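Residue-level structural notes
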Amino acid sequence: MTWPAVLDRLEADVVAAESLARQARAGGAPGEQAQRTDDAVLLAAPVPWQPPVGLDALPAALEGRARELLARQEAAARDLAEAARGVRRQLVATDGLSGPDPAERPVFLDVEG
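Computed from a predicted structure; not experimentally measured.

Thresholds, definitions, all that
Residues numbered from 1 in each chain as written. Predicted model: local features only at pLDDT ≥ 70, side-chain atom pairs only at ≥ 80, totals over all residues. Heavy atoms only, no water. Core = buried A, V, L, I, M, F, W, Y, C linked by side-chain atoms within 4.5 Å. Buried < 20%, exposed > 50% of the residue type's maximum accessible area, 1.4 Å probe, protein only. Helix = DSSP H or I, 4+ residues; strand = E, 2+ residues; numbered from the N terminus. Contact = heavy atoms within 4.5 Å. Expected span 1.5 Å × (residues − 1). Salt bridge = Lys/Arg side-chain N within 4 Å of Asp/Glu carboxyl O. pLDDT = per-residue confidence, 0-100. Axes fitted to C-alpha atoms, helices over the stretch in contact; angles between N-to-C directions. Parallel < 35°, antiparallel > 145°, perpendicular 65-115°, else oblique. Left-handed = near helix turned anticlockwise from the far one by under 90°. Nonpolar A, V, L, I, M, F, W, Y, C, P; charged D, E, K, R; others polar.

**A few points about the nonpolar core**
Of all hydrophobic cores here, the largest spans 6 residues; its members are Val6, Leu7, Leu10, Val14, Leu62 and Leu69. It is helix α1 (residues 3-26) that contributes the most residues to this core, 4 residues altogether. The contact partners of Val14, leaving out residues within four places of it in the chain, are Leu69, Arg72 and Gln73.

Structural data, given as structure tokens:
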């Protein structure tokens, strides 16, 4: 494996994370969007990143690209964390809608009035 290949893999992962974060900000349904994009493969079966073995130090010529990817990863992580907090708030709000019997729970929620 080469450093450019490692950075390509990291970039593909961050592109998928950015896409998911954009979708969360837009209020889309993750399952629906993933079925229509190339991100589906990355989102459906994430593979934990393993540091490359047998590579020398990152070449100076690739340092700028690596730093840009790190900044993008950090921004995507912040955006996804905020989206997760939003989902938790929504779950708390909808938990209050349930009645004592699951059969009495509303099937639809009118969010527009």
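**Digging into helix α4 (residues 63-95)**
Between its terminal C-alpha atoms α4 stretches 48 Å, which fits the 48 Å expected from 33 residues at 1.5 Å a residue. Every buried residue of α4 is listed here: Leu69, Arg72, Ala76 and Gly86. The secondary structure elements touched by the buried residues of α4 are α1.

**Overview of the pattern of salt bridges**
Scanning the model with the defined rule gives 9 salt bridges in all. With its nearest N and O atoms 2.9 Å apart, the salt bridge here joins Glu63 to Arg67. Within this pair, Glu63 and its partner Arg67 are both found in helix α4, separated by 4 residues, close to a single helical turn. We note a salt bridge from Arg85 to Glu82, for which the minimum N-O separation is 2.8 Å. With Arg85 and Glu82 both in helix α4 and 3 residues apart, the pair spans about one turn of that helix. Exposure remark for Arg85: the relative accessible area of 36% places this residue in the partly exposed category. What emerges from the salt-bridge pattern is a single network uniting Asp8, Glu11, Glu18, Arg65, Glu68 and Arg72.

**Digging into the confidence of the model for the protein chain**
Here the protein chain averages 80 in pLDDT, and 73% of its residues register 70 or above. Element-level mean pLDDT values for the protein chain span from 49 in helix α2 (residues 30-36) up to 90 in α4. In the model, residues 33-37 has pLDDT below 50 throughout and makes 2 contacts with residues more than four positions away in sequence or in other chains.

**A word on the packing of α1 against α4**
Close contact between α1 and α4 brings their axes to 9 Å; oriented N to C, the two are set at 30°. With respect to each other, α1 and α4 are oriented roughly parallel. Of the two possible hands of crossing, α1 and α4 adopt the one that is left-handed. Taken together, the residues of the contact of α1 with α4 break down into 14 nonpolar, 1 polar and 7 charged.

**A look at the side chain of Arg72**
In this structure, Arg72 sits in helix α4. On the accessibility criterion, Arg72 (18% relative accessible area) is buried. Not counting residues within four places of it along the chain, the set of residues in contact with Arg72 comprises Glu11, Val14, Val15 and Glu18.

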